[in-house]
Amino acid sequence: MLNHTSCLDCTNVQRRKEYEEVPEESYSLPYNQTNINSGETVIIKIDVPVPLREEPKFPKEKWKTFISFVILAANFILATVSLSLVHERLPDRNLYKPLPDIFLDNVTAQDWALSVSEILIMLTVNVCVVLIILHKHRFIVMRRVFLIMAVLYFMRSITMYVTVLPVSSTTYFCSPKSNSTAPLIIAKRAFQLISGFGLSINGKHTYCGDYIYSGHTVMLVLGYLIIAEYSPRRFYLLHWAAWISALIGVIFVLIAHGHYTIDVLIAYYVTTRLFWTYHTLANNNFLLKSGNNNYIGREWWFTYFKYFEKNVRGPVPRQYEWPLPWPRNFHSKLPNRES
């Protein structure tokens, strides 16, 4: 009987030793324990491993930014060539009146409204340029903007060419047709459009037919999306100003009869879907892999997207810095923050 009890005590002591055994790790934390026999407090150090945190890296990859700019330039030229060809296929204004439109039919055309819209476009673009330059990860943001704009210009060059609508305005000046699509004539028209950045306010955009979809709406909406996505969250007044500017600019395009209402609606839909889809893919690494369940990976531009975004891990933080090495005192005045 005594031997049996002693064996049980030995087993319990061994179990307590195994339970209280502390493994050796990398750093210590204090733990207070009271000694039952003496009543004194004993400090025991428990070693806990330091968790490894891998911070996301955002490589500049300047060559990719340059490539994206070349792609944008090529598609901008393609859009101007498309418009130069469309101008020759434009329905005769003496025979074809503007199409029925719920907005244009009820608002008298005001030519000055188109200039106001283009002034708002120039202001929005300048704000976006300053914002991108001050962004710490400016090369990533730039190539994203370039690629999105390139896709929008490419699709617009197709949609305006396949279906040519009658001129929406009865007062807007359209250059006479040359009844020829010789390469030299098309090149001259394209150069004239490029020199005026596709705007009418400088008198260079005198060719008609670029309706579906609205380039003015694309720039206004895209400018707002860029400002809202990459500027500090606390700049809510700037976000609201960009949103109101985009809304007023689009309304003034319609007041000037520069576009049909359907052009504006399609432009808004295409621009917002492309921007949000692109950034959804960019902010979620698991979507970089095309598979049976990733239907977004079936987008025709997905291959180009993977090339430009494969080294960017996660959402780009809202951090800012002075881009030049001088003056040095600007670096201390421009804090690196995400708020």
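Residues numbered from 1 in each chain as written. Predicted model: local features only at pLDDT ≥ 70, side-chain atom pairs only at ≥ 80, totals over all residues. Heavy atoms only, no water.

### A look at a nonpolar patch on the surface
Stage number 1. Residues Y236, L237, W240, W243, I244, L247, I248 and I251 make up a contiguous nonpolar surface patch of about 820 Å² in total accessible area.
Stage number 2. The residue I248 is located in helix α7 (residues 236-255) in this model.
Stage number 3. Judged by relative accessible area, I248 falls into the partly exposed class, the value being 35%. (Patch = residues over 30% accessible without salt bridge, like charges linked within 9 Å, V, L, I, M, F, W, Y side chains within 5 Å. Areas by Shrake-Rupley, 256 points an atom, 1.4 Å probe, with all protein chains shown as cover. Salt bridge = Lys/Arg side-chain N within 4 Å of Asp/Glu carboxyl O. Helix = DSSP H or I, 4+ residues; strand = E, 2+ residues; numbered from the N terminus. Buried < 20%, exposed > 50% of the residue type's maximum accessible area, 1.4 Å probe, protein only.)

### Some words on the environment of I194
Stage number 1. Mapping I194 onto the fold places it in helix α5 (residues 183-195).
Stage number 2. By relative accessible area, which is 28% here, I194 ends up partly exposed.
Stage number 3. Each C-alpha atom of the pair I194 and A79 lies 9.9 Å from the other, and the pair is 115 residues apart in sequence.
Stage number 4. Apart from residues no more than four positions distant in its own chain, I194 is found in contact with F76, I77 and T80. (Contact = heavy atoms within 4.5 Å.)

### Quick notes on the pattern of salt bridges
Pairing is possible between side chains of opposite charge, provided their charged atoms come close.
Stage number 1. Tallied over the full model, the rule gives six salt bridges.
Stage number 2. Put simply, K64 and E61 hold a salt bridge, and the shortest N to O gap is 3.2 Å. The exposure classification of K64 matches that of E61, with both residues buried.
Stage number 3. With its nearest N and O atoms 3.2 Å apart, the salt bridge here joins R143 to E61. Of this pair, R143 sits in helix α4 (residues 138-162) while E61 sits in the loop between β2 (41-48) and α2 (62-88), and the two are 82 residues apart along the sequence. The residues R143 and E61 share a single accessibility class, namely buried.

### Digging into the UniProt feature "transmembrane region" (unreviewed entry) in the protein chain
Stage number 1. Under the local residue numbering, the UniProt record ascribes the feature "transmembrane region" (unreviewed entry) to residues 66-86, 112-134, 146-167, 211-228, 240-260 and 266-288.
Stage number 2. Between the first and last C-alpha atoms of residues 112-134 the distance is 34 Å; the span itself is 100% helix and 0% strand.
Stage number 3. For residues 211-228, the helix share is 78%, the strand share is 0%, and the end-to-end C-alpha distance is 27 Å. (UniProt positions renumbered as here; feature names shortened; annotations may be inferred.)

### Quick word on the state of the cysteines
Put plainly, a disulfide is one covalent bond tying together the sulfur atoms of two cysteines.
Stage number 1. All chains considered together, the criterion is met by one disulfide.
Stage number 2. At a sulfur-sulfur separation of 1.8 Å, the disulfide partner of C174 is C208. Judged by the sign of its S-S torsion, about -95°, the cystine formed by C174 and C208 is left-handed. Residue C174 is found in the loop between α4 and α5, and its partner C208 is found in the loop between α5 and α6 (215-230); the two are separated by 34 residues along the sequence.
Stage number 3. The exposure class assigned to C174 is buried, which follows from its relative accessible area of 13%.
Stage number 4. When its relative accessible area of 2% is taken as the criterion, C208 is described as buried. (Disulfide = S-S within 2.5 Å.)

### Here we look at the nonpolar core
Stage number 1. One finds L152, Y278 and F305 to be the most contacted residues of the largest nonpolar core, which totals 62 residues.
Stage number 2. Breaking this core down by element, the ones donating at least two residues are α2, α3 (112-134), α4, α6, α7, α8 (261-282) and α9 (302-309).
Stage number 3. When residues in this core are grouped by element, the largest group, 11 residues, is from α4.
Stage number 4. Non-local contacts of Y278, meaning those with residues more than four positions away in its chain, are made with R144, L147, I148, W301, F305, F308 and E309.
Stage number 5. A113, L114, V253 and I255 belong to the second-largest nonpolar core, a separate cluster that totals six residues. (Core = buried A, V, L, I, M, F, W, Y, C linked by side-chain atoms within 4.5 Å.)

### Observations regarding the packing of α8 against α9
Stage number 1. Contact pair α8 / α9: the axes reach a minimum separation of 11 Å and the direction vectors enclose 50°. If you check the angle between α8 and α9, you find them oblique. With respect to the hand of their crossing, α8 and α9 are arranged in right-handed fashion. Residues Y278, L281 and A282 of α8 form the contact with α9, whose participating residues are F302, F305, F308 and E309.
Stage number 2. Here the contact of α8 with α9 is built from residues that sort into six nonpolar, no polar and one charged. (Axes fitted to C-alpha atoms, helices over the stretch in contact; angles between N-to-C directions. Parallel < 35°, antiparallel > 145°, perpendicular 65-115°, else oblique. Left-handed = near helix turned anticlockwise from the far one by under 90°. Nonpolar A, V, L, I, M, F, W, Y, C, P; charged D, E, K, R; others polar.)

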